[in-house]
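# Inside the fold
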Amino acid sequence: MSDSRNIRNIYIYRILGIGVSFASIFVVLPYLASEPERYAIYALSVSICIFLTYGDLGFCAAAQKYCAEEVGRGCLQKELEYAGFLVAVLVAIGVIFSGLMLAAANSPQVLLPQLNQRHLDFASTMFFMVGVFMPIQVVLQRFVMLILSSRLKEYYAIRIDLVANALKIFLAPMFVSSSGYLLEYFFLVSCLISILSCLLSFLVIRFYCNFPIESVLVHIRFSRSAYARMKNLAFSSLTSTFLFILYYEFDLILASRFFSLADVAAYAIAFSLMGFLRNISSVIYSPMMSYINRLYGKGEVETVKRSFRFILEATTPLFMVVTVVLYAGMEIFIFQWMGQEMPLTLGLVRVLLIGGFFVGLANTGPLLATTFERNRIRLLFGLFPFSAY
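Worth saying up front: this structure is predicted, and the values here are computed from it rather than measured. Residue positions are given per chain, counted from 1 along the sequence in the order it is written. Side-chain atom pairs in this predicted model are given and counted only at pLDDT of 80 or more, local residue features only at pLDDT of at least 70, and totals for whole chains, interfaces and linings cover all residues. Think of the side-chain values as coming from all heavy atoms in the structure, minus any hydrogens and water.

Note on conventions: DSSP H or I runs of at least 4 residues are helices, E runs of at least 2 residues are strands, and numbering of each starts at the N terminus. A tally of regular secondary structure across the protein chain gives 16 helices and two strands. A simple rule labels every residue: compare its accessible area, found with a 1.4 Å probe on the protein chains alone, to the largest value its type can have, and call it buried under 20%, exposed over 50%, or partly exposed in between. In the protein chain, buried positions account for 51% of the 389 residues. What makes two residues a contact is simply this: any of their non-hydrogen atoms within 4.5 Å. Within the protein chain, counting contacts between residues at least 6 apart in sequence, those at least 24 apart form 83% of the total. Note on areas: Shrake-Rupley with a 1.4 Å probe; residue coverage comes only from the protein chains shown. Only carbon and sulfur atoms are counted for the fraction: they give 66% of the accessible area of the protein chain, which is about 18100 Å².

Structure below.
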């Protein structure tokens with residue numbers, strides 16, 4: 001199958017994924033937020049996973065670039081080395097994260113000082129499940145997307161995720177009980193469904209893409225040569241990612257230290273919506289970046305430059321228009337969505353939307369710097385939003 005057809009399939013299924021994600025926010029979130037204090041604990045538990053999701057020390061972004069280049073060159077052995085090294089890093093970080101979350105499960109007040117006795121058991125259960133299941137889910141998801149996106153075949157995994165996410169939406173009403181919404185059970189089932197979807201993607205990788213997954217097991221180690229190849233780009237990505245987390249993700253964790261659980265819930269609803277909008281931007285950029293890195297691996301530098309020029313010219317005005325439209329209609333949307341006026345959530349969303357006006361430029365710059373390994377430029381793009389923060 002040609003690259004252009006693969007890219008088209010990726011965009012088709014990612015757009016369908018946006019529809020399912022929107023349905024998830026519109027249908028599932030009102031159930032989750034029906035008890036604001038419990039939802040605040042749930043949202044904090046999920047937000048803590050950013051340290052797992054983004055805590056790969058920058059090696060995930062580096063591995064994505066270099067694996068795509070090796071696929072372009074047709075060098076499987078180097079790809080296996082990079083993939084094995086990344087899995088070793090992710091597993092090590094997952095073990096550390098799991099230990100910290102299990103410790104927090106024994107003393108939830110460490111993360112939630114204002115926690116009352118009524119919600120103590122719920123917080124402990126959430127922290128325990130995050131510590132046990134999320135490391136497994138993240139390692140599997142990162143590996144699946146690394147292998148498939150390097151081949152422009154990620155639409156296979158997206159198809160499976162579409163079914164998995166639709167199943168989560170279908171199951172959401174079933175966790176309503178006379179004592180309230182069973183958030184912890186919904187979270188557990190969601191994690192298990194996501195892990196199962198990853199295992200199904202493994203079968204696709206092995207039998208449809210003919211990728212030797214068993215060979216990766218042999219290469220799971222801290223390779224000195226892989227580290228030497230990836231370290232500069234990885235640590236540049238790490239710094240940018242750290243600044244990204246502070247700008248986009250850290251607010252909820254800070255809010256849990258200083259505000260009531262009801263206010264944290266209002267924050268969480270706002271950031272859920274913004275997370276959905278950020279997912280839309282990843283739909284635009286992700287398929288093109290895998291394709292561009294493969295071109296760069298083949299030495300087609302001029303084609304890469306023209307591709308980045310097109311991305312910049314297309315996405316900058318697009319995000320400007322989307323920001324203005326969403327800002328104007330957000331009050332009506334939130335009322336229709338949640339069934340009540342939520343002035344704090346509305347104010348937060350509008351402030352965050354203002355920060356997205358130039359996101360087309362802000363997103364393209366770091367991607368270009370990553371492809372051409374201009375690490376200082378990538379760092380500067382991370383510093384700009386952090387300075388505003």
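Now for the packing of helix α6 (residues 120-150) against helix α8 (residues 183-207). Between α6 and α8, the shortest axis-to-axis distance is 9 Å and the interhelical angle comes to 20°. Taken together, α6 and α8 sit at an angle that is classed as roughly parallel. In this structure, the crossing between α6 and α8 has a hand that is left-handed. In this count, Pro and Cys sit with the nonpolar residues alongside Ala, Val, Leu, Ile, Met, Phe, Trp and Tyr, while Asp, Glu, Lys and Arg are called charged and the others, Gly among them, polar. Among the residues forming the contact of α6 with α8, the class breakdown is 22 nonpolar, five polar and one charged. Here an angle of 0 to 180 degrees is reported between the N-to-C directions of two axes, which are lines fitted to C-alpha atoms, with helices fitted over the stretch in contact. Each angle gets one of four labels, with under 35 degrees taken as roughly parallel, over 145 as roughly antiparallel, 65 to 115 as roughly perpendicular, and the rest as oblique. Two helices crossing with the near one rotated counterclockwise from the far one by less than a right angle form a left-handed crossing, whereas a clockwise rotation gives a right-handed crossing.

Time to look at the side chain of Ser-98. Tracing the chain through its elements places Ser-98 in helix α5 (residues 76-106). Of the residues examined, Ser-98 reaches a relative accessible area of 17% and is grouped as buried. Residues contacting Ser-98, with those up to four places away along its chain left out, are Gly-131 and Pro-135.

What follows covers helix α14 (residues 343-354). In a regular helix each residue adds 1.5 Å, so twelve residues correspond to 16 Å; α14 covers 17 Å between its end C-alpha atoms and thus fits that length. Of all the residues in α14, the buried ones are Thr-345, Leu-346, Leu-348, Val-349 and Leu-353. With its buried residues spanning 165° around the axis, α14 presents them on a single face. Exposed residues pointing more than 90 degrees away from the buried face of α14 are listed as Pro-343, Val-351 and Ile-354. By definition here, a helix of n residues has an expected span of 1.5 Å times n minus one. Throughout, the arc means the angular range of directions from the helix axis out to the C-beta atoms.

This part is about the nonpolar core. Throughout this description, the term nonpolar core refers to a set of buried Ala, Val, Leu, Ile, Met, Phe, Trp, Tyr and Cys residues connected via side-chain atoms within 4.5 Å. In this structure, Leu-32, Tyr-39, Tyr-42 and Met-230 are the most contacted members of the largest nonpolar core, which totals 83 residues. With 15 residues, α6 is the largest single contributor of residues to this core. In this structure, Met-288, Phe-308, Ile-311 and Phe-319 belong to the second largest nonpolar core, which totals eleven residues.

Any two rings among Phe, Tyr and Trp, with Trp reduced to its six-membered ring, count as a pair given centres within 6.5 Å; such a pair is stacked if its planes are under 30 degrees apart, edge-to-face if over 60, and tilted if neither. Going through the model one piece at a time under the given rule, you end up with eleven aromatic pairs. Here Tyr-13 and Tyr-155 contribute two aromatic rings whose centre-to-centre distance is 6.4 Å and whose plane-to-plane angle is 15°, an arrangement assigned as stacked. Note that Tyr-13 is positioned in helix α1 (residues 3-32) and Tyr-155 in helix α7 (residues 155-171), a separation of 142 residues in sequence. Accessibility expressed as a relative area gives 1% for Tyr-155, which makes it buried. Between Phe-85 and Phe-222 the ring centres are 6.2 Å apart and the planes differ by 90°, which places this aromatic pair in the edge-to-face class.

We now examine the environment of Tyr-31. Tracing the chain through its elements places Tyr-31 in helix α1. Judged by relative accessible area, which is 28%, Tyr-31 ranks as partly exposed. Residues Tyr-31 and Gly-180 lie 149 residues apart in sequence; the distance between their C-alpha atoms is 9.6 Å. When neighbours within four sequence positions are excluded, Tyr-31 is seen to be in contact with Ala-172, Pro-173, Val-176 and Tyr-181.

Quick look at the pattern of salt bridges now. In the sections that follow, a salt bridge refers to a side-chain nitrogen of Lys or Arg positioned within 4 Å of a carboxyl oxygen of Asp or Glu. The full count for this structure, using the stated rule, is ten salt bridges. Lys-78 is the salt-bridge partner of Glu-81, the closest N and O atoms lying 3.4 Å from each other. Here the residue Glu-81 and the residue Lys-78 both occupy positions in helix α5, the gap between them amounting to three residues, near one helical turn. The buried category is assigned to Glu-81, whose relative accessible area is 14%. Its relative accessible area of 28% is what places Lys-78 among the partly exposed residues. A single network of salt bridges, built from pairs that share partners, joins Lys-65, Glu-69, Glu-70 and Arg-73.

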